[in-house]
Amino acid sequence: GALVKKTRESGIEFNYFATGHYARVEYDMGSKRYLLKKAADLSKDQSYFIASLSQEQLACALFPLGDFTKSEIRKMASDFGLPVDKKPESQDFIAGGYQSLIAAAPAGPITDKLGKTLGEHRGIPFYTIGQRKGLGISGEEPQYVIDIDSENNTIVVGSREQLYHNDLIASGLNWIAIEKPEQPIDVEARIRYRHKEAEATAPPIGKDMVYVKFKQPQLSITPGQTVVFYQGDVVVGGGTIEKTKE
């Protein structure tokens, strides 16, 4: 979105904006809406990452890779004589690793759910829900980060079983396939990129939030991550995970 906006502000005129994302966009005559859909190559699908695109942005978006598998794209590159047909998979790379971008943060306690101090963390930006390694504590059973209490600068650890939750509350919602729902909708929800979608019901709560209730408990639901709602290969919408409720 920011790139399209900046391009227009720079005085560059265009009708369409093409990117290399593995996804598809279609116009639905019935709903009069642009639909974001999964790529034909599900192993490369990137619809999760672009679920925040608006109708205006989707109207000018082209995803030319979306209807093909990666192997088909490589063959086309070879047939066209392009020198990228055998290029290795691209990966995001940051010199020094992503942690080199994190500003120094104060240390604080690592506790269990009852508040007992088990150790000290080196700053909460260095931890994530579900983390097991690098905690610097020992016990009879493996310990995982089950909560990050930023207000009290505390990392809370517990068992793997305590990482499972039945629900979440999401905000900052962007609805693509539908208008803002007034009634509960049935969806398949993905709580992170590599997470398999799980069946859920999502009733709206408040002005711009939904309560997502899963049919089966989900592992390591993480506040701050994106949750994307699907119905088959269609992206219904998405938002930001605020917290779990149960």
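Below or above, wherever it landed, is the structure these notes cover. Just so it is clear, the structure is predicted and the values come from calculations on it, not from any experiment. (Residues numbered from 1 in each chain as written. Predicted model: local features only at pLDDT ≥ 70, side-chain atom pairs only at ≥ 80, totals over all residues. Heavy atoms only, no water.)

**What about the sheet that holds strand S6 (residues 117-121)?**
Pairing is mixed across the open sheet formed by 4 strands, whose spatial order is S6-S5-S8-S7. The sheet is open, and its two edges are formed by S6 and strand S7 (144-149), each paired on a single side. Each neighbouring strand pair of the sheet contributes to a mean axis angle of 30°, computed without reference to strand direction. Both strand S5 (residues 108-111) and S6 contribute to a ladder of 4 bridges, which runs antiparallel. Residue Thr111 lies in a different strand from S6, and its bridge partner there is Thr117. (Pairing = 2+ DSSP bridges. Helix = DSSP H or I, 4+ residues; strand = E, 2+ residues; numbered from the N terminus. Axes fitted to C-alpha atoms, helices over the stretch in contact; angles between N-to-C directions.)

**Quick word on the pairing of strand S10 (residues 185-190)**
Here 5 bridges tie S10 to strand S11 (residues 198-202), and the two strands are oriented antiparallel to one another. For Ile185, the partnering residue across the bridge sits in S11 and is Ala202. Sheet analysis places S10 next to strand S14 (residues 226-231), joined by 3 bridges and oriented antiparallel. Residue Glu188 lies in a different strand from S14, and its bridge partner there is Tyr230.

**Focus: the pattern of salt bridges**
Inspection of every chain in the model, using the stated rule, returns 10 salt bridges. Linked through salt bridges whose partners overlap, the residues forming this network are Arg24, Glu26, Lys37 and Asp233. (Salt bridge = Lys/Arg side-chain N within 4 Å of Asp/Glu carboxyl O.)

**Overview of the pairing of strand S9 (residues 164-175)**
For S9, a buried count of 9 out of 12 residues is recorded, marking the element as mostly surrounded by other parts of the structure. Pairing of S9 with strand S13 (residues 209-219), which is carried by 7 bridges, proceeds in the antiparallel orientation. The residue bridging Asp167 from the neighbouring strand is Lys213, located in S13. (Buried < 20%, exposed > 50% of the residue type's maximum accessible area, 1.4 Å probe, protein only.)

**Details of the packing of aromatic side chains**
The final tally for this structure, using the stated rule, is 6 aromatic pairs. Between Tyr48 and Phe49 the ring centres are 5.6 Å apart and the planes differ by 85°, which places this aromatic pair in the edge-to-face class. What makes Tyr48 buried here is its relative accessible area of 6%. Residue class for Phe49 comes out partly exposed when judged on its relative accessible area of 47%. Ring-pair connections join several aromatic residues into one group, and the members of that group are Tyr48, Phe49 and Tyr193. One Lys or Arg, Lys38, reaches over the ring of Tyr230 and ends 4.8 Å from the middle of that ring. Residue placement shows Arg122 over the ring face of Phe126; its charged tip is 4.3 Å from the ring centre. (Phe/Tyr/Trp six-rings, centres within 6.5 Å; stacked < 30°, edge-to-face > 60°. Lys NZ or Arg CZ within 6 Å of the ring centre and 35° of its normal.)

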